[in-house]
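Single-letter residue listing:
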Amino acid sequence: MTGIVLHHVPQSRSQRVLWLLRELGVMFEVREWPFDKTLRGEEFLALNPVGRVPALEIDGRPVWETGAILQVLCERFPDAGLDRAPGHAEWIDWLIQIHFAETISQHAAVLTQGHLMLRDPSTRSPVVMKLEAARVGKCFDAIEARLDGDWLLRGGFSAADVAVAQAAVMARRFHRVGDRARMAAWMDRCEAREAFPAEDGGLYDRDFYEVPDA
Ligand SMILES: N[C@@H](CCC(=O)N[C@@H](CS)C(=O)NCC(=O)O)C(=O)O
C-alpha cells in the first residue's frame, strides 16, 4: 500500500491526474470505479461528498476537485518542475491554465450527457448541444492563441499542459481541432510523451460525435 491512491474512471477527468502522477514519477495505486451510481454510495462519498471522480488519497486524507488535486500534487513534489510556485513569473498563467481546463471539461461533460447519457433522443436539446460544441471551439481558439512555443508556458512543459491537453482530448470528440495548426502540433507533442496514459476502456464508443439536427 503506497500513500497515494487515485480513484479513477477511464476517459474521465481522473485521466488528468493519472497523467500527472506518471509525469511526477511517484509511486501510486489506482482504484478503478464504474461510472454509475456506485459513485453515490457511502464508500465513495467518503472520498468526495459530491460523488465525482477524480478523488485522490494523499497524506492520509482525501482530496477532490481536479484543479485542487493538481495543485496539491505539484506542490508536494516540486522537484519534478511541473508547477510554477507563487511569486514565479509564470505563476498566474500556470494557475489560469490549470483551472481553464475545467471550463473545457464542463462543455465536454454537457456534450457527453447529451450524446451518451440521455438515451431517449427526445430528451436531448440539439440547440444546447450546438451551443456547447461552439463554446468548445472558442476554448480551442484560446489555446491556439496562447501557443507561441512548444508548451503553454514559455518556461517549458508543466502541469498546465497536462490539465488543458487532457481536457482538450475529451472535448475534441465534440469539436474538431481543425486548422488550428499550433494546437494540433501541441496535442501531438503531449500525446507523444511517455507518461501520457493510454485510454483503457471508458465511456466513449467513437472518436467524434456530430451535433444532431434540430
Ligand atoms: N469540477 C469537478 C468535476 C468532477 C466531475 O464532474 N467528474 C465527472 C467525470 S469527468 C463525474 O464524476 N461525473 C459523475 C456524475 O456526474 O455523476 C472536478 O474537476 O473534479
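Our structure's up above, just so we're on the same page.
Here is a short report on the structure shown in this document. (Residues numbered from 1 in each chain as written. Predicted model: local features only at pLDDT ≥ 70, side-chain atom pairs only at ≥ 80, totals over all residues. Heavy atoms only, no water.)

## Comments concerning the packing of helix H6 (residues 159-171) against helix H7 (residues 181-191)
- Contact pair H6 / H7: the axes reach a minimum separation of 10 Å and the direction vectors enclose 105°. In this view, H6 runs roughly perpendicular relative to H7, as classed from their interaxial angle. Across the interface between the two elements, Asp161, Val164, Ala165, Ala168 and Val169 of H6 pack against Met183, Trp186, Met187 and Cys190 of H7.
- Residues of the contact of H6 with H7, tallied by class, amount to 8 nonpolar, no polar and 1 charged. (Axes fitted to C-alpha atoms, helices over the stretch in contact; angles between N-to-C directions. Helix = DSSP H or I, 4+ residues; strand = E, 2+ residues; numbered from the N terminus. Parallel < 35°, antiparallel > 145°, perpendicular 65-115°, else oblique. Contact = heavy atoms within 4.5 Å. Nonpolar A, V, L, I, M, F, W, Y, C, P; charged D, E, K, R; others polar.)

## Describing the side chain of Thr112
- Among the secondary structure elements, Thr112 is positioned in helix H4 (residues 91-117).
- Within the structure, the side chain of Thr112 is placed 2.7 Å from the backbone oxygen of Ala108, a separation counted as a polar contact.
- Those residues in contact with Thr112 that sit more than four places away from it in its chain are Met117, Phe174, Leu203 and Tyr204. (Polar contact = N/O pair within 3.5 Å; in protein donor to acceptor, adjacent residues only side chain to side chain.)

## As for the site of the ligand
- Neighbouring residues of the ligand: Ser12, Arg13, Phe35, Arg40, Arg52, Val53, Pro54, Glu65, Thr66 and Glu102.
- Between the ligand and Arg13 there is a distance of 3.2 Å, counted from an oxygen atom to a side-chain nitrogen or oxygen.
- Arg52 has a polar side-chain atom sitting 3.2 Å from an oxygen atom of the ligand.
- Within the complex, the protein chains bury 81% of what would otherwise be the 510 Å² of accessible surface of the ligand. (Near = heavy atom within 4 Å. Areas by Shrake-Rupley, 256 points an atom, 1.4 Å probe, with all protein chains shown as cover.)

## Notes on the packing of helix H5 (residues 126-146) against H7
- At a closest axis distance of 8 Å, the pairing of H5 and H7 adopts a crossing angle of 85°. On the basis of the axis angle, H5 is roughly perpendicular to H7. Across from Phe140, Ile143, Glu144 and Ala145 in H5, the residues of H7 making contact are Ala181, Arg182, Met183 and Trp186.

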